[in-house]
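Per-entry structural report
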Amino acid sequence: MSDGSFYLTTPIYYVNAAPHVGHAYTSIMADIIARHRRQRGEAVFFLTGTDEHGTKIAQSAEAAGRTPREHADALSQRFREMGEVLGISNDFFIRTTLPEHAVEAGRFLERMRDAGDIYRDSYGGWYCVASESFYPENEWGEGRTCPVHGTPLEWVEEENWFFRLSAFRERLLAFYDANPDFVLPRGRQNEARSMVEHGLEDLSISRAQLEWGITVPWDREQVIYVWIEALLNYWTALRFAGGEDRSGLWPAQLQLMAKDILKFHAVIWPAMLMSAGEEPPEQLFIHGYVLKGGERMSKTTGNIVDPFPFIEDYGLDAMRYYLAREIRFGEDGTFTHEGFVARYEGELANEFGNLLNRTVNMISRYRDGVVPADPGGDADFAAEVERIVAEVHGHFDVHDVTRASETAWALVRALNQLVEQRAPWKLAKDRDAAADLDQALYSLAEGLRVAAVILWPFMPGSCEALLGALGQDPDAVGVEATRMGAGRPGASVTEVPPLFPKIEVDA
Ligand code: MSP
């Protein structure tokens with residue numbers, strides 16, 4: 001276990017094309033988890049970046065009339081900008097074209113070679129450039145096609161360096177047995193296990209006919225197979241990110257990705273680490289695909305949604321919230337314009353944004369804008385809030401981002417009910433009900449503050465604005481702020497424009 005540090009990664013994205021909602025999805029889910037962990041006082045190190053070598057990139061550069069380096073520079077920049085637009089709080093952005101990565105990846109490979117796990121051989125197989133992967137016959141799609149992209153496989157034959165992956169069968173199976181939660185959801189671990197049980201072939205880890213890559217340290221004629229050095233980014237980055245040696249952060253606590261790259265991460269990656277004498281990561285979380293029109297969103301199939309226009313129209317937090325809530329984390333889910341607008345209007349604008357405006361409005365009208373002190377009569381409600389907070393934490397403990405968002409939303413709903421049940425506008429007309437009105441307004445303001453704290457990882461900007469409107473410190477979002485009564489006493493509220501205004505958008 002870790003000593004309070006939490007090292008979290010996303011896959012590094014290919015720079016063959018611009019980012020789409022599929023990439024945004026992984027980065028946002030990782031960011032929600034990172035922010036939640038920081039709230040709980042963990043020392044998070046959050047890594048993302050770009051995967052820039054290999055045939056796929058070289059070919060897309062050529063098609064764009066650029067050198068691979070120019071192409072990689074331009075597209076890596078797009079991914080970096082995506083992170084900025086999405087509010088991603090990563091601590092470092094790795095590029096596999098960084099010279100430090102090449103040096104460290106080479107060193108790691110030499111450790112595998114010293115361990116006797118690398119040898120030279122010739123190999124021919126059916127390859128998909130989009131996946132940068134060979135596929136054995138039992139994995140082919142119809143008519144010898146790629147099982148992920150559906151495109152025809154190509155015959156590739158070379159003399160290469162090989163990793164003795166087949167020798168890791170027993171060690172991998174023992175590792176899965178000892179760590180039943182290594183891969184979540186658990187069904188994915190069973191998939192990995194059956195890949196290992198069905199037999200592992202040794203893996204070609206270098207390419208002879210390719211220049212766009214990292215040279216094999218002991219063989220200047222070959223470059224390292226792109227997947228091998230890409231996986232190594234998670235380990236190399238710790239040795240140079242920000243000019244510091246953070247190698248003590250290995251093993252990672254959590255690595256996120258979609259199911260298309262399960263085998264690389266749940267089988268090949270732990271075996272590489274075992275070979276080099278390093279520990280496998282503590283946990284992988286495999287999420288589903290963001291679908292559009294029933295199909296996986298992918299540049300290769302041309303089936304993509306650009307996140308940026310949605311963010312321009314509806315704001316970043318609407319996108320973050322929609323993805324977390326709509327697509328059950330771990331399963332496939334469909335992105336639709338109508339679904340997006342429905343959640344924006346029904347949940348964000350009506351249930352959450354309005355709740356703030358009503359709360360501020362009533363406190364302004366009935367109590368001159370000052371949140372009353374707690375009359376101490378709402379113990380049940382405080383207990384309910386405490387239960388919700390604990391449940392949100394429980395969901396985050398197993399990285400269940402979607403259930404965490406649903407549970408946090410239960411507090412928003414409870415607060416809306418509280419408004420309807422207590423009807424402060426009626427209490428305000430009754431002189432004898434002053435204490436009840438104080439209680440209602442206090443519970444509302446304080447409960448809403450807690451809701452903003454537990455929703456902050458999902459919607460940081462809106463929740464900070466909400467805290468500001470309630471006269472609270474927008475930065476007070478740590479776990480200690482989730483307790484009823486932890487807010488600043490006697491705070492003055494401020495009228496603010498709606499957090500999620502009505503949007504008129506042309507269809
Ligand atoms: N470069 C490799 C990963 C190397 S990691 C050592 C790669 N890159 S990728 O650009 O294709 O991005 C893959 C990741 O992006 C997926 O694993 C997933 O995290 C995310 N997604 C890309 N499209 C997606 C969907 N349609 N749905 C969900 N996630 C998607 O593979």
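Above this text is the structure in question.
Residues numbered from 1 in each chain as written. Predicted model: local features only at pLDDT ≥ 70, side-chain atom pairs only at ≥ 80, totals over all residues. Heavy atoms only, no water.

**Section: the site of the ligand**
Test applied: Working definition: residue near molecule or strand if any one of its non-hydrogen atoms lies within 4 Å of it. Under this definition, polar contacts are N or O atom pairs within 3.5 Å; protein pairs additionally need one hydrogen-donor-capable and one acceptor-capable atom, and for neighbouring residues in sequence, both atoms have to be side-chain atoms. Computed by Shrake-Rupley with a 1.4 Å probe, the accessible areas treat only the displayed protein chains as cover when residues are assessed. Secondary structure elements are taken from DSSP: a helix is a run of H or I of four residues or more, a strand is a run of E of two residues or more, and numbering for both begins at the N terminus. Under the grouping applied here, Gly and all other residues not named as nonpolar or charged are polar, the nonpolar ones being Ala, Val, Leu, Ile, Met, Phe, Trp, Tyr, Cys and Pro and the charged ones Asp, Glu, Lys and Arg.
Surveying the vicinity of the ligand reveals 25 residues, the closest of which are Ile12, Thr26, Asp51, Val290 and Met297. Measuring from a nitrogen atom of the ligand, one finds a backbone N or O atom of Ile12 at 2.8 Å. Out of a free accessible area of 660 Å², the ligand has 96% covered by protein chains. Looking at the shell around the ligand, the elements with two or more residues in it are β1 (5-14), α1 (21-39), α7 (226-240) and β12 (254-258). Per-element tally for the shell around the ligand: the top contributor is α7, with five residues. Tallied by class, the residues present in the shell around the ligand amount to 14 nonpolar, eight polar and three charged.

**Some words on the pairing of strand β4 (residues 118-128)**
Along any regular strand, the residues point their side chains to alternate faces of the sheet. Test applied: Following DSSP output, two strands are said to pair if at least two bridges run between them.
Relative to strand β6 (residues 154-163), β4 is paired through ten bridges, and the arrangement is antiparallel. Counted as the bridge partner of Gly124 is Glu157 from β6. As paired strands, β4 and strand β5 (residues 133-134) are joined by two bridges and run antiparallel to one another. Paired with Tyr127 across the strands is Phe134, a residue of β5. Hairpin connection from β4 to β5: four residues lie between these consecutive antiparallel strands, with Glu132 at a positive phi of about 50°.

**Overview of the nonpolar core**
Filter applied, for reference: Put simply, buried Ala, Val, Leu, Ile, Met, Phe, Trp, Tyr and Cys residues joined by side-chain atoms within 4.5 Å make one nonpolar core. Any residue under 20% of the maximum accessible area for its type is buried, any over 50% is exposed, and the rest in between are partly exposed; the area is computed with a 1.4 Å probe on protein chains only. Where a domain begins and ends is set by an automatic assignment or by a domain database. Throughout, a residue-residue contact means that at least one pair of heavy atoms, one from each residue, lies within 4.5 Å.
Core analysis: the largest hydrophobic core is formed by 95 residues, its most contacted members being Met29, Leu323, Phe335, Phe352 and Met459. At twelve residues, helix α15 (residues 434-455) tops the list of elements feeding residues into this core. Counting residues domain by domain, this core receives three or more from each of domain 1 (5-305) and domain 2 (337-482). Ignoring sequence-local partners within four residues, the contact set of Leu323 consists of Val21, Tyr25, Ile28, Met29 and Phe335. Counting 71 residues, the second-largest nonpolar core is a separate cluster that includes Met112, Leu232, Ala252 and Ala276.

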